[in-house]
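Single-letter residue listing:
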Amino acid sequence: MTRFLIRRIGQAILVLFAASIAVFLLFFVGPGPDQVARTFAGRLGTPQRILEIKHALHLDQPLYLQYLHWVGNLLQGNLGFDYYKGQSVNTVVGQALPATVSLVVGAAILWIAYGVFSGVVSAVRSRSLLDRGFTTAALFFYSMPTFVLGYTLIFIFAYELYRVTKFFPFSSYVPITTNPWQWFVHLILPWLTLAMVTAAAYTRLTRTSMLDVLGEDYIRTARSKGMPEQRVIRVHALRSALTPVVTLAGLDIGTALGGVIITEQVFGIPGLGWTIVQAIGQQDLPIIMGIAVLAATFVVIANVIVDILYAVLDPRVRLN
Amino acid sequence: MPLLQVEELRVSFRTADGIVQAVRGVSYDVEAGQTLGIVGESGSGKSVSTQTIMGLTRGAQVSGRAVFEGKDLLTASTGDMQRIRGAKIAMIFQDPLTSLHPYYKVGWQIMEMIQQHESVSKDDARKRAVELLRLVGIPHPDRRVDDYPHQFSGGMRQRAMIAMAMALNPALLIADEPTTALDVTVQAQVLRVIQRMQEMFGTAVILITHDLGVIADVADEVLVMYGGEVMERADRRTLFFNSHHPYTEGLLQSLPAYGGARERLRPIPGQPPSLLSPPPGCPFAPRCPYVMDRCRTEDPPLAAAGEEPGHISACWLPHRGSERAELRRKLLEAEPAGTAPSAGGA
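Residues numbered from 1 in each chain as written. Chains lettered and ligands numbered in written order. Predicted model: local features only at pLDDT ≥ 70, side-chain atom pairs only at ≥ 80, totals over all residues.

> Before we go on, may I ask you to explain the overall build of chain A in this structure?
Across its full length, chain A carries 14 helices and 2 strands. Projected onto its principal axes, the C-alpha coordinates of chain A cover approximately 80 × 60 × 35 Å. Scored against the burial criterion, the 320 residues of chain A give a buried share of 37%. Within chain A, residue pairs in contact and separated by at least 24 positions form 71% of the contacts whose partners lie at least 6 positions apart. (Helix = DSSP H or I, 4+ residues; strand = E, 2+ residues; numbered from the N terminus. Buried ≥ 20, exposed ≤ 12 C-beta atoms within 10 Å, placed from the backbone. Contact = placed C-beta atoms within 7 Å.)

> Is there a simple way to explain the domain arrangement of chain A in this structure?
Think of interface size as the accessible area that goes away when the parts come together; that is how it is often given. Residue and element names in this part refer to chain A. Domain boundaries assigned for chain A yield domain 1 (2–90) and domain 2 (95–315). With 20 residues of domain 1 at the contact, the number on the domain 2 side is 18 residues. Elements that contribute at least two residues to the side of domain 1 that touches domain 2 include exactly helix H1 (2–29), helix H2 (33–41) and strand S1 (81–82). With 11 residues, H1 is the largest single contributor of residues to the side of domain 1 that touches domain 2. Per-class residue counts for the side of domain 1 that touches domain 2 are 15 nonpolar, 3 polar and 2 charged. (Domains from an automatic or database assignment. Nonpolar A, V, L, I, M, F, W, Y, C, P; charged D, E, K, R; others polar.)

> I keep staring at the interface of chain A and chain B and nothing clicks. Help me out?
The partner chain B presents 21 residues to the 19 residues of chain A that form the contact. Within the residue set of the side of chain A that touches chain B, elements represented by two or more residues are helix H9 (217–224), helix H10 (229–257) and helix H14 (315–319) of chain A. Ranked by the residues each element gives to the side of chain A that touches chain B, the list is headed by H9 of chain A, at 6 residues. Along the lines of polarity and charge, the residues of the side of chain A that touches chain B split into 6 nonpolar, 5 polar and 8 charged.

> Before we go on, may I ask you to explain the sheet that holds strand S8 (residues 204–209) of chain B in this structure?
The strands making up a sheet are joined through hydrogen bonds of the backbone, oriented either antiparallel or parallel. All names here are of chain B. Taken in spatial order, the 8 strands line up as S6-S7-S8-S3-S9-S10-S12-S11 in an open sheet, and their pairing is mixed. Where the open sheet ends on each side, the last strands, each with one partner, are strand S6 (89–92) and strand S11 (303–304). Examined bridge by bridge, strand S10 (residues 229–235) and strand S12 (residues 312–313) share 2 bridges and lie antiparallel to one another. The partner of Arg-233 across the bridge, within S12, is Ile-312. (Pairing = 2+ DSSP bridges.)

> I keep staring at the pairing of strand S9 (residues 221–226) of chain B and nothing clicks. Help me out?
Within a regular strand, the side chains alternate between the two sheet faces. Residues and elements named next belong to chain B. The element S9 is extensively covered by neighbouring structure, given that 6 of its 6 residues are classed as buried. Burial of the side chains of S9 extends over both faces: Glu-221, Leu-223 and Met-225 are buried on one face and Val-222, Val-224 and Tyr-226 on the other. In this structure, strand S3 (residues 35–39) lies alongside S9, joined through 4 bridges in parallel fashion. Residue Leu-36 lies in a different strand from S9, and its bridge partner there is Glu-221. With 6 bridges connecting them, S9 and S10 associate as antiparallel partners. Note that in S10 the partner of Met-225 across the bridge is Val-230. What sits between the antiparallel neighbours S9 and S10 is a turn of 2 residues, in which Gly-227 has the positive phi angle 55 degrees.

See below:
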């Protein structure tokens, strides 16, 4: 178990190292030091300012020193300084992150709960009307672009049904620390949007995985022991069937935490996705780099957590 | 009154290719404390018939009767079946690795069953699990009870399955190819464990196998199945020394020890019949060395064969030994066997 974890964490560190090299090559080496300094300074940067930035980022030194300097800062949790906005990248990211986390965690709870539930029902009542209904719904939402669904929900709930559903706002975001109820109300439609487009994959995956497991010999054993069907499904089948679902959920949540670009845009949620789109429009390089590194870190951490969950679920992983 | 009385059991499955008639009118009795061996190739319907009795074949069309302790298992309610499964009729299966849940401890899987059927405390259930593991010969059962199945060897896993099956002292144990997935050296040990449990608890056993060697070891009565039908039923002695049906003869001749070391093994030529649209006559007719014209059109009924009481066989060959030998000789001369391509029997 310990060895397994050490190996996986080692791999994670390697991946992060590779990601940092990629970002470094793309943003520092590609354009060259002068261009980097000029971009960092922004359109209004004076030659004096560009020189200062060049020195601050160690752009006047050899490449490996530039890299070490940059990574050294990253390792201390310093994502750099945003000369465009005149504040540290950490501050900008720190303001955006809670919104993205709020959006992703709430949506993930919805899509996992619905996906696993509908998948299990579809598998247990395979080929029934319910199964076909869930499958059709899954395909419908899966093939719908996120912005179409998002604007449709806004149109229906916040506009057409305004008289009935007074509390649905068109868009924007209220931090939970400001007003928990408003935070919740503002996030209902974004949560639904993100959850509905994502849940389809979970319905299908859980259904397939569950059908596989229900054909296993140990399920026959459980039934031959006289276990009630409910218990066979909940205790014997579901735990095995969840393994691939956990993998997918880890990857999806890890990726989404790096920013949910379309949903955040549609609902005007100032999260990481919204921030990076702004930054790209303004050629705000430090922000783009900071969020890119952060997103890569989230995916890698999510993978490590998935590995740990594997070990929790499956004793064969834990004990070998 | 036999412990289990199966009458005219028919099982079919609807598949994409059509209806598969897996079991076609099978009847047999199991007496309390006795061992019934069911032999046949893959696809003979031997496993399907017992799994149907246990209500474990889903989506199958079933007819017939299977009366156990006065209750027809084929029409029993879900609740009744759950109370019977495990407690009154227990099962063990071919592959003990895949038959135990890989995520749960061996002891937990035994305790779960005890607690499902009896209201006992967790501690008592655990004590019984340890005791059962000791009975089936697991060393250090007090420690191994907390092991996961993958930490057991193949033979130990099957012993654990037997321990679980015997946990509630069932009246009937159905062992579905219990030794097939095991090493030859372990096979005999596992059979001994089943026999010892049977003696200790007075359990009746249905032993399903394709291996006549296993039957020779343990069965009291033997049922030979082919193409979803019963071909022959006899006590063990009669089956090995005075069998009637040509299919039984074919099975015996494909046994390594039977013909002596010098003789080549004689596989039964041809393939088992497709059960999608079984031929109208005897299912074995296409492969039978003694096939006659009526075999291809009329399915022979099970009828008394030979001198032993209870010996029945579904074959048109004469039932008196001397007449049979005479006719067999003639039939073999007229149409020599082995014209069909030999494509491995069992």
